[in-house]
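# Architecture at a glance
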Protein chains: 2
Amino acid sequence: MFEQAETDPVMEEAEFTGIEDRLRADLLLAQYGLLRRADKTVLLVIAGIDGAGKGSTINLLNEWLDTRHMRTLAFSEPTRHERRRPAMARYWDVLPARGHLGVVFGSWYAPLLRRALKKKKRSGPRWDAMVDAIMKFETMLAAEGVQVIKLWFHLSREAQRERCTTMLADPDTAWRVSLEDLAVADHYARLRDASKAVVEATQNPVAPWMVVPSADIRLRIVTVARTVLQAFCKPALQPLVTPRLPQPSHDSLSERDYTAKLSREQYDSMLPHWQGRLSRAVRTKAFRKRSLIVVFEGDDAAGKGGAIRRMVHALDARQYRVVPISAPTDEELARPYLWRFWRNIPADGHITIFDRSWYGRVLVERVEGLTAPEDWERAYAEIVEFEHQLAEHGALVVKFLLTITPDEQLSRFHEREQTEFKSFKITDEDWRNREKTPQYRVAASEMLARTQSKPAPWHVLATDDKKLARITVLETVARALEALDD
Amino acid sequence: MFEQAETDPVMEEAEFTGIEDRLRADLLLAQYGLLRRADKTVLLVIAGIDGAGKGSTINLLNEWLDTRHMRTLAFSEPTRHERRRPAMARYWDVLPARGHLGVVFGSWYAPLLRRALKKKKRSGPRWDAMVDAIMKFETMLAAEGVQVIKLWFHLSREAQRERCTTMLADPDTAWRVSLEDLAVADHYARLRDASKAVVEATQNPVAPWMVVPSADIRLRIVTVARTVLQAFCKPALQPLVTPRLPQPSHDSLSERDYTAKLSREQYDSMLPHWQGRLSRAVRTKAFRKRSLIVVFEGDDAAGKGGAIRRMVHALDARQYRVVPISAPTDEELARPYLWRFWRNIPADGHITIFDRSWYGRVLVERVEGLTAPEDWERAYAEIVEFEHQLAEHGALVVKFLLTITPDEQLSRFHEREQTEFKSFKITDEDWRNREKTPQYRVAASEMLARTQSKPAPWHVLATDDKKLARITVLETVARALEALDD
């Protein structure tokens, strides 16, 4: 594809004039079709050699399309605040809703291209890991209704130089020529090789690259417009899902020991001890460069709230946030399911505690039939990748599954109904969920088996004894923080 | 109030023990009541002398309440990015939804307090302007269902010093003592006078200050808890609205000259001229420290879209954003109506074009009866204040009202129905709106009269001739930008 682009092919004016109007009308119609169906988001990634006309093409797209339903997402070097969250967070933050087009400048390819400029660095574990992260990110977006289309603008050395010269000669366009544009000619071979390496490594069946021959403005425009048109009209490219290996419907939770207990005296002396250790562990120098994400899942009335309350007692309110997960808002529903969790991923030095989490995908959504099996089945791998990205950035991810015996749950439900300021905590839904305990246990057992990972470990706690549960949570989090390297 | 706090009053342990449990239960119940009613947001502003126990009291509140439905909003010095948007934007950005509690640390009072530390600066136009901006901000929040409660923590010099000493002696609390805390004793009188000046100047009937005697931990806790409890339970304090002066139902729009025209030749030479000037005007050094907000309102089919398209032709897609305003999302509905516009206020060097805007409050919401008269009537003053804040920061606000004759509108509606890629633009709603043209004109005329302002001027364009309309928009925006000081 690069070789073909370097021949600087041309579209004759007559041919262009013959198709321009129809193409514009079709594009606009297709954009409104997308807006009406709202069945996917289209993300157009713009990359390529400097001085190839990326900017002007995008300006033209904004003019041809209805600019109100598209958004240009331009990224430069991450700010200090952006560096304090996982690398992909800033792309997630601004993801447009379904029905809309996002045009991405300075995308997640910028770091990979920077690396590719050094020939020796185009392989090896770091390179592979970067490529892998990008492929997984795009594949997940595709599966969730975000169609990523990637355009690499390319042209010959001579054409690039000529384009710069022409633009410099006109005061109305001279400002568009940057020092980077002018430097291209001197490093052309290296840039081309790096470009090829990036495009070849990240050619993704569900997020394909197209190399746009960029020397001729008419051909450039038509190529881009036709690509966007196709993206608007065609159904989203869906990744092939590897069928989930069948898993016996096994309930591993009922086999646990629910009888362990702490005495009141033990609890009363352990509570301040572990709260003190937790409180000190989040004030270390090491933690200023890390973040903490704590996930609570588990049975209704298993003591999530009480455990969280004991935890926050040891924390400064300015440092943490508790995020309860219930029904998504309509802005959240219009985007991939992980979006609402990305929104709440803390910056370094901060803590987010999720009271229920992204695991709802493979628990409540599975058991209640809210999500199709093919969608929750692929979620295991997506979640593992998500947590891997958090851990890569240095976030400490600690996950708790709290589980109680049916008898204990029943007695807690009755207690809640009878205590004035707890009665809001018990609803008809809780009673309905209770009837589905066996299904929830099977789902939770499979979740544990498939999403247990070293960087984001699960801790399963049998919480018939609340005191033991609270101390275990505090101790687990404190020890994990204490183990951080300075 | 300050004198009383400086006597360091105390609550006996017996009294505290007698009420603690009941108070906690009541607080929690009241919080759930608020969550269920979702009729207002409660914002608790925390301020006061350093080392008075602000932080620890808020940590305690987080423990007593259900921390999942409250959020600590801690602000320190604005970041570089935050400085590039109007000062209040960062408070708007994180405003919790109705039903929730936000605890604000380092609030909009920080700059005022800093100023108040110099006695001479506690009066004069700048001081008055700062006080006025705060009062208007809080009053608007109150009118829109955000109850602001402000707590000023205060204690005697001796008690403050003693508290620091005690905390320093215990390794578990020593870290809480900052250099600022220790410096308080040396500047006590100055701090107290500044505090008094701030509290007295900003005592707001709908967002009252309460001075919390802070020497005694029990009294401090109980005072804060009771204040929060009241805020949860009582209906929101509503500002008194000055009745709108009656305005004759006058239609000033029909009196305009709708016959002016540009020839095709004139248009073809003026269009590139003004696009060029606009394009240069947004690339000046002066504009890097300013921002541009363009508002389009007007009749259906009056040519908003076409004018916007000609404008963006001259702009770089990375620099601007077009925001179409239609039905609010549920996250937007849960907050004051200006929230969704604040979200989209650009940073310096950037441009937002609103295709319909906050003026919907006094146009469509008034005419269609979507908003009660007392609410849209106060919106005039709120909008003027909003635009004043934008202009104060240095944003250039340019507002266009595009209006056409009923005959011209009819012929454009028919044309749209017959053109394939325009037919999506015409709906039953457009025909219904057309029948209400007289009411819309009266509303628009009153809007013009009440919201015309020097920092955010209205430009009313009779747009029966599209060419003239487009050139006028380009010229108006370009000239406004060219007039910016370097």
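Quick caveat: nothing in here was measured; it's all calculated off a predicted structure. (Residues numbered from 1 in each chain as written. Chains lettered and ligands numbered in written order. Predicted model: local features only at pLDDT ≥ 70, side-chain atom pairs only at ≥ 80, totals over all residues. Heavy atoms only, no water.)

Residue and element names in this part refer to chain B. Looking at the secondary structure, you find Val-45 in strand β1 (residues 41–48). Residue classification places Val-45 among the buried residues on the basis of a relative accessible area of 0%. Taking the C-alpha atoms as reference, Val-45 lies 8.4 Å from Trp-152; in sequence the two are 107 residues apart. What Val-45 contacts, discounting residues up to four positions off in sequence, is Val-104, Ser-107, Trp-108, Tyr-109, Val-148, Ile-149, Lys-150 and Leu-151. (Helix = DSSP H or I, 4+ residues; strand = E, 2+ residues; numbered from the N terminus. Buried < 20%, exposed > 50% of the residue type's maximum accessible area, 1.4 Å probe, protein only. Contact = heavy atoms within 4.5 Å.)

Positive charge collects at one region of the surface, where Arg-80 and Arg-84 of chain A together with Arg-80 and Arg-84 of chain B lie side by side. Of note, Arg-80 of chain B is situated in helix α4 (residues 80–83). (Patch = residues over 30% accessible without salt bridge, like charges linked within 9 Å, V, L, I, M, F, W, Y side chains within 5 Å. Areas by Shrake-Rupley, 256 points an atom, 1.4 Å probe, with all protein chains shown as cover. Salt bridge = Lys/Arg side-chain N within 4 Å of Asp/Glu carboxyl O. Lys, Arg positive; Asp, Glu negative; His and termini not counted. Charge placed at Lys NZ, Arg CZ, Asp CG, Glu CD.)

A word on the relation of the copies chain B and chain A. Least-squares fitting of chain B to chain A yields an RMSD of 0.0 Å, with the transformation described by 0.0 Å of translation along the axis and a rotation of 180°. When the rotation and shift are considered jointly, the pair of chain copies conforms to a two-fold rotation axis. For chain B, the smallest separation between a C-alpha atom and the rotation axis is recorded for Asp-330 of chain B, amounting to 3.2 Å. In this assembly, 98% of the residues forming the interface of chain B have copies in chain A that are likewise at the interface, indicating an isologous arrangement. (Least-squares fit on C-alpha atoms with pLDDT ≥ 70 in both.)

Take the sheet that holds strand β3 (residues 101–105) of chain A next. Residues and elements named next belong to chain A. Spatially, 5 strands are ordered β2-β3-β1-β4-β5 in an open sheet, and the strand pairing comes out parallel. For this open sheet the edge positions go to β2 (70–74) and β5 (209–213), each flanked by a neighbour on one side alone. Adjacent strand axes in the sheet meet at a mean angle of 25° when their direction is disregarded. Its contacts with the sheet place helix α11 (residues 188–201) against β4 (146–154) and β5, and it is angled at close to 160° to β4. (Pairing = 2+ DSSP bridges. Axes fitted to C-alpha atoms, helices over the stretch in contact; angles between N-to-C directions.)

All names here are of chain A. Evaluated as defined, the whole model comprises 36 aromatic pairs over all chains. For the pair Phe-341 and Phe-354, a centre-to-centre distance of 6.1 Å together with 70° between the ring planes defines the contact as edge-to-face. Remark: Phe-354 occurs in strand β8 (residues 351–355) and Phe-341 occurs in helix α17 (residues 339–342); sequence separation between them is 13 residues. By relative accessible area, Phe-354 is classed as buried at 0%. Lying across the ring of Trp-339, Arg-335 places its NZ or CZ 4.4 Å from the centre. (Phe/Tyr/Trp six-rings, centres within 6.5 Å; stacked < 30°, edge-to-face > 60°. Lys NZ or Arg CZ within 6 Å of the ring centre and 35° of its normal.)

Take the packing of helix α13 (residues 264–281) of chain A against helix α23 (residues 466–482) of chain A next. Residue and element names in this part refer to chain A. Where α13 meets α23, the axes come as close as 9 Å, and the angle between the chain directions of the two elements is 25°. Here α13 is positioned roughly parallel relative to α23, judged by the angle of their axes. Our pair here, α13 against α23, has a crossing hand that is left-handed. Where α13 approaches α23, its residues Arg-264, Tyr-267, Met-270, Leu-271, Trp-274, Gln-275, Arg-277, Leu-278 and Ala-281 are matched on the opposing element by Lys-467, Arg-470, Ile-471, Leu-474, Glu-475, Val-477, Ala-478, Arg-479, Leu-481 and Glu-482. Here the contact of α13 with α23 is composed, by residue class, of 11 nonpolar, 1 polar and 7 charged. (Parallel < 35°, antiparallel > 145°, perpendicular 65-115°, else oblique. Left-handed = near helix turned anticlockwise from the far one by under 90°. Nonpolar A, V, L, I, M, F, W, Y, C, P; charged D, E, K, R; others polar.)

So, on to the packing of helix α7 (residues 125–143) of chain B against helix α19 (residues 373–393) of chain B. All names here are of chain B. Packing of α7 against α19 leaves a shortest axis separation of 11 Å and a crossing angle of 135°. As summarised for this structure, α7 and α19 are arranged oblique, according to the angle between their axes. The two elements α7 and α19 cross, and the hand of that crossing is left-handed. Facing Arg-126, Ala-133, Lys-136, Met-140 and Ala-143 of α7, the residues of α19 in contact are Arg-378, Glu-382, Glu-385 and Glu-392. Across the contact of α7 with α19, the residue classes break down as 3 nonpolar, no polar and 6 charged.

Right, let's get into the sheet that holds strand β9 (residues 395–403) of chain A. Hydrogen bonds between backbone atoms are what pair the strands of a sheet, whose relative direction is either parallel or antiparallel. All names here are of chain A. Spatial ordering of the open sheet is given by β7-β8-β6-β9-β10, a layout of 5 strands whose pairing is parallel. Each having just a single partner strand, β7 (320–324) and β10 (458–462) make up the two edges of the open sheet. Neighbour-to-neighbour, the strand axes of this sheet turn through a mean angle of 20°, independent of strand direction. For β9 and β10, the ladder comprises 5 bridges, and the chain directions are parallel. Along β10, the bridge assignment pairs Leu-401 with Val-460.

Turning to the pattern of salt bridges, a few remarks are in order. Opposite charge on two side chains permits pairing when their charged atoms draw close. Throughout the structure, instances matching the rule amount to 74 salt bridges over all chains. Between Glu-332 of chain B and Arg-340 of chain B there is a salt bridge, and its shortest N-O distance comes to 3.8 Å. As far as the burial class goes, Glu-332 of chain B and Arg-340 of chain B line up, both buried. Here Arg-366 of chain B and Glu-446 of chain B are joined by a salt bridge, their closest N and O atoms 3.0 Å apart. Of the two residues, Arg-366 of chain B is situated in helix α18 (residues 364–367) and Glu-446 of chain B in helix α22 (residues 437–451); the sequence distance between them amounts to 80 residues. Relative accessible area serves as the criterion here: at 3%, Glu-446 of chain B is assigned to the buried category. In this structure, a network of salt bridges that share partners links the residues Glu-144, Arg-361, Glu-365, Asp-375, Arg-378 and Glu-382 of chain A.

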